[in-house]
Amino acid sequence: MIRFLLLQNRAGKTRLAKYYVPVGDAEKRKLEYDVHRLIVTRDPKHTNFAEFKTYKIVYRRYAGLFFSVGIDVSDNELAALEAIHLFVEILDHYFSNVCELDLVFNFHKVRPPVSYNLQNLGIGAYWTLYPLCMQQCCGALSAVTTGSSSSR
């Protein structure tokens with residue numbers, strides 16, 4: 001089961017956080033700090049998986065952003081890594097070469113793929129349902145864009 005998804009820059013600033021289990025505000029800040037400290041200090045030659053408290057952190061660095069997913073110890077790390085990659089591909093497809101500023105200024109457009117991908121699909125279903133996921137997420141993103149431009 002996915003516990004959380006974090007997008008953080010190299011300085012440790014959290015750009016997006018989505019929690020799938022109830023967590024208090026103070027615990028969220030500590031968790032974000034601890035996860036960032038864990039993954040930033042790791043040697044790039046090591047794997048993208050790390051043990052953390054009672055679950056595993058699966059992370060991937062794209063340019064200046066770290067995409068981190070907290071999963072149960074029994075979950076498949078490679079499926080989580082594939083989920084991160086799919087999420088980045090969806091963002092890249094929508095924003096045409098996504099960067100940190102896209103996430104900062106268009107955070108309302110990033111929420112639909114996070115909610116749709118990780119809640120409605122099982123984490124292991126990503127690689128088999130990639131075309132459907134791409135179609136659904138891009139449709140959700142265009143609906144958000146259309147809705148926000150018509151309300152002006």
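Rules behind the numbers
Residues numbered from 1 in each chain as written. Predicted model: local features only at pLDDT ≥ 70, side-chain atom pairs only at ≥ 80, totals over all residues. Heavy atoms only, no water. Helix = DSSP H or I, 4+ residues; strand = E, 2+ residues; numbered from the N terminus. Buried < 20%, exposed > 50% of the residue type's maximum accessible area, 1.4 Å probe, protein only. Areas by Shrake-Rupley, 256 points an atom, 1.4 Å probe, with all protein chains shown as cover. Pairing = 2+ DSSP bridges. Axes fitted to C-alpha atoms, helices over the stretch in contact; angles between N-to-C directions. Salt bridge = Lys/Arg side-chain N within 4 Å of Asp/Glu carboxyl O. Polar contact = N/O pair within 3.5 Å; in protein donor to acceptor, adjacent residues only side chain to side chain. Contact = heavy atoms within 4.5 Å. Expected span 1.5 Å × (residues − 1).

1. So, the overall build of the protein
Then, in step 1: Check the secondary structure of the protein and you find 5 helices and 5 strands.
Then, in step 2: Considering the protein as a whole, with its 152 residues, one finds that 43% of them fall into the buried category.
Then, in step 3: Put simply, the protein shows about 8300 Å² of open surface, and 55% of that area lies on carbon and sulfur atoms.

2. Section: the sheet that holds strand β4 (residues 55-62)
Then, in step 1: The strand order β2-β1-β5-β4-β3 describes an open sheet built from 5 strands, whose pairing is antiparallel. Looking along the sheet, the strands with just one partner apiece sit at the ends: β2 (14-19) and β3 (49-52). The sheet shows a mean angle of 20 degrees between the axes of neighbouring strands, direction not considered.
Then, in step 2: Of the strand pairs in this sheet, β3 and β4 are connected by 4 bridges, and their pairing is antiparallel.

3. Digging into the pattern of salt bridges
Then, in step 1: Taken as a whole and judged by the stated rule, the model has 4 salt bridges.
Then, in step 2: Notably, a salt bridge pairs Arg3 with Asp72, separated by 2.8 Å at the nearest N-O pair. A residue pair is termed long-range when its members are at least 10 positions apart, and Arg3 in strand β1 (residues 2-9) and Asp72 in strand β5 (residues 65-72) qualify at 69 residues.
Then, in step 3: Residue class for Arg3 comes out partly exposed when judged on its relative accessible area of 25%.
Then, in step 4: Ionic pairing is found between Asp34 and Arg37, a salt bridge with its closest N-O pair at 3.7 Å. Of this pair, Asp34 and Arg37 both sit in helix α1 (residues 25-40), 3 residues apart, which is roughly one turn of the helix.
Then, in step 5: Taken together, the shared-partner salt bridges in this structure form one network comprising Lys30, Asp34 and Arg37.

4. Concerning the side chain of Asn9
Then, in step 1: Checked against the element boundaries, Asn9 lands in strand β1.
Then, in step 2: Reaching out from Asn9, the side chain makes a polar contact with the backbone nitrogen of Gly12 at a distance of 3.0 Å.
Then, in step 3: Once residues lying within four places of it in the same chain are set aside, the contact partners of Asn9 are Arg15, His36, Gly64, Leu65, Phe66 and Glu100.

5. Here's the deal with α1
Then, in step 1: Relative to the 22 Å expected for 16 residues at 1.5 Å per residue, α1 spans 23 Å between its end C-alpha atoms, a close match to the ideal helical length.
Then, in step 2: Taken together, the buried positions of α1 are occupied by Leu31, Glu32, Asp34, Val35, His36 and Ile39.
Then, in step 3: On the buried face of α1, the contacting elements are β1, β2, β3, β4 and β5.

6. What about the pairing of β2?
Every regular strand shows the same layout, with side chains that alternate between the two sheet faces.
Then, in step 1: Pairing geometry for β1 and β2, over 5 bridges, is antiparallel. When the bridges of β2 are listed, Leu5 appears paired with Lys18.
Then, in step 2: The loop that links β1 with its antiparallel partner β2 comprises 4 residues; one of these, Gly12, has a positive phi angle of about 100 degrees.

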